[in-house]
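Listed below are the residues making up each chain.
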Amino acid sequence: MTPQQRTTDGLSTGLDWPALIRAGLVGLRLTPDQFWRLTPAELRLMLGQDTGAVPLGRAGLDQLMHAFPDPAAPKSPETGAVSDE
(Lines give C-alpha, C1' and ligand atoms only; values in the text may rest on other atoms or scores of the structure.)
Protein backbone atom coordinates (compact mmCIF):
# COMPACT_ATOMS: atom_id res chain seq x y z
CA MET A 1 0.00 0.00 0.00
CA THR A 2 1.48 3.31 -1.05
CA PRO A 3 -0.66 6.29 -0.02
CA GLN A 4 -0.49 9.20 -2.42
CA GLN A 5 -1.53 12.81 -2.12
CA ARG A 6 -5.25 13.22 -2.56
CA THR A 7 -6.44 15.43 -5.35
CA THR A 8 -9.79 17.01 -6.04
CA ASP A 9 -10.31 18.44 -9.51
CA GLY A 10 -6.54 18.20 -10.08
CA LEU A 11 -5.64 20.31 -7.04
CA SER A 12 -3.52 18.80 -4.27
CA THR A 13 -5.24 18.70 -0.90
CA GLY A 14 -2.22 17.42 1.04
CA LEU A 15 -1.46 13.99 2.42
CA ASP A 16 -4.02 11.20 2.31
CA TRP A 17 -4.20 10.83 6.10
CA PRO A 18 -6.85 8.10 6.17
CA ALA A 19 -4.72 5.93 3.90
CA LEU A 20 -1.54 6.69 5.89
CA ILE A 21 -3.20 5.90 9.21
CA ARG A 22 -4.71 2.71 7.77
CA ALA A 23 -1.29 1.69 6.40
CA GLY A 24 0.37 2.33 9.76
CA LEU A 25 -2.24 0.87 12.09
CA VAL A 26 -3.56 -1.99 9.95
CA GLY A 27 -0.78 -2.74 7.49
CA LEU A 28 2.19 -2.22 9.80
CA ARG A 29 0.27 -3.06 13.00
CA LEU A 30 1.59 -0.02 14.83
CA THR A 31 -0.10 1.36 17.91
CA PRO A 32 -1.45 4.92 17.52
CA ASP A 33 1.38 6.17 19.76
CA GLN A 34 3.99 4.43 17.60
CA PHE A 35 2.40 5.81 14.42
CA TRP A 36 2.36 9.43 15.61
CA ARG A 37 5.96 9.26 16.86
CA LEU A 38 7.27 8.31 13.39
CA THR A 39 8.80 10.88 11.12
CA PRO A 40 7.47 10.99 7.55
CA ALA A 41 10.81 9.55 6.35
CA GLU A 42 10.54 6.62 8.77
CA LEU A 43 6.96 5.91 7.69
CA ARG A 44 7.95 6.01 3.98
CA LEU A 45 10.80 3.57 4.69
CA MET A 46 8.53 1.21 6.62
CA LEU A 47 5.97 1.29 3.79
CA GLY A 48 8.67 0.44 1.26
CA GLN A 49 8.40 3.75 -0.57
CA ASP A 50 11.96 4.86 0.08
CA THR A 51 14.28 1.97 -0.66
CA GLY A 52 17.30 4.25 -0.90
CA ALA A 53 19.35 5.55 -3.77
CA VAL A 54 21.51 3.25 -5.84
CA PRO A 55 25.21 4.08 -5.44
CA LEU A 56 26.92 5.77 -8.35
CA GLY A 57 28.54 3.16 -10.58
CA ARG A 58 31.38 3.50 -13.07
CA ALA A 59 29.01 4.20 -15.96
CA GLY A 60 27.37 7.03 -14.00
CA LEU A 61 30.77 8.45 -13.08
CA ASP A 62 31.88 8.32 -16.73
CA GLN A 63 28.71 10.20 -17.75
CA LEU A 64 29.35 12.89 -15.15
CA MET A 65 33.01 13.21 -16.17
CA HIS A 66 31.97 13.59 -19.81
CA ALA A 67 29.27 16.15 -18.96
CA PHE A 68 31.50 18.15 -16.58
CA PRO A 69 35.15 17.73 -17.61
CA ASP A 70 37.92 19.16 -15.46
CA PRO A 71 39.61 22.21 -16.97
CA ALA A 72 43.07 21.61 -18.40
CA ALA A 73 45.87 22.40 -15.94
CA PRO A 74 48.14 25.29 -16.97
CA LYS A 75 51.60 24.26 -18.18
CA SER A 76 54.88 26.01 -17.57
CA PRO A 77 56.08 27.74 -20.73
CA GLU A 78 59.72 26.92 -19.90
CA THR A 79 59.45 23.19 -19.13
CA GLY A 80 56.04 22.18 -20.44
CA ALA A 81 55.29 20.61 -17.04
CA VAL A 82 51.98 21.08 -15.28
CA SER A 83 52.16 24.02 -12.91
CA ASP A 84 51.12 23.77 -9.25
CA GLU A 85 49.67 27.27 -9.37
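Residues numbered from 1 in each chain as written. Predicted model: local features only at pLDDT ≥ 70, side-chain atom pairs only at ≥ 80, totals over all residues. Heavy atoms only, no water.

Draft legend 1. A look at the overall build of the chain. Regarding its fold elements, the chain presents four helices and two strands. Order of helices (α) and strands (β) in the chain, N terminus to C terminus: β-β-α-α-α-α. Across the 85 residues of the chain, 14% fall into the buried class. Counting contacts in the chain only where the partners sit at least 6 residues apart, residues at least 24 apart contribute 14% of the total. Summed over its atoms, the accessible surface of the chain is roughly 7,200 Å², and 58% of this surface lies on carbon and sulfur atoms. (Helix = DSSP H or I, 4+ residues; strand = E, 2+ residues; numbered from the N terminus. Buried < 20%, exposed > 50% of the residue type's maximum accessible area, 1.4 Å probe, protein only. Contact = heavy atoms within 4.5 Å. Areas by Shrake-Rupley, 256 points an atom, 1.4 Å probe, with all protein chains shown as cover.)

Draft legend 2. Focus on the pattern of salt bridges. The full count for this structure, using the stated rule, is two salt bridges. Between D33 and R37 there is a salt bridge, with the nearest N and O atoms lying 2.9 Å from each other. Taken together, the positions of D33 and R37, both in helix α2 (residues 32-37) and four residues apart, correspond to about one turn of that helix. (Salt bridge = Lys/Arg side-chain N within 4 Å of Asp/Glu carboxyl O.)

Draft legend 3. Main features of helix α1 (residues 17-27). Among all positions in α1, only A19, L20, A23 and G24 are buried. The arc enclosing the buried residues of α1, seen along the axis, measures out at 130 degrees, which places them on a common side. Trailing α1 by a residue or two, R29 shows a phi angle of about 60 degrees, which is positive. (Arc of directions from axis to C-beta.)

Draft legend 4. Broad picture of the nonpolar core. Within the largest apolar cluster, six residues are counted, these being L20, A23, L30, F35, L43 and L47. Not counting the four nearest positions on each side in its chain, L43 is found in contact with L20, L28, F35 and L38. (Core = buried A, V, L, I, M, F, W, Y, C linked by side-chain atoms within 4.5 Å.)

Draft legend 5. Structural context of the packing of aromatic side chains. Tallied over the entire structure, the rule returns two aromatic pairs. An angle of 85 degrees between the planes, with centres 4.8 Å apart, marks the rings of F35 and W36 as edge-to-face. Judged by its relative accessible area of 4%, F35 is buried. A connected cluster of aromatic rings, assembled from ring pairs, spans W17, F35 and W36. (Phe/Tyr/Trp six-rings, centres within 6.5 Å; stacked < 30°, edge-to-face > 60°.)

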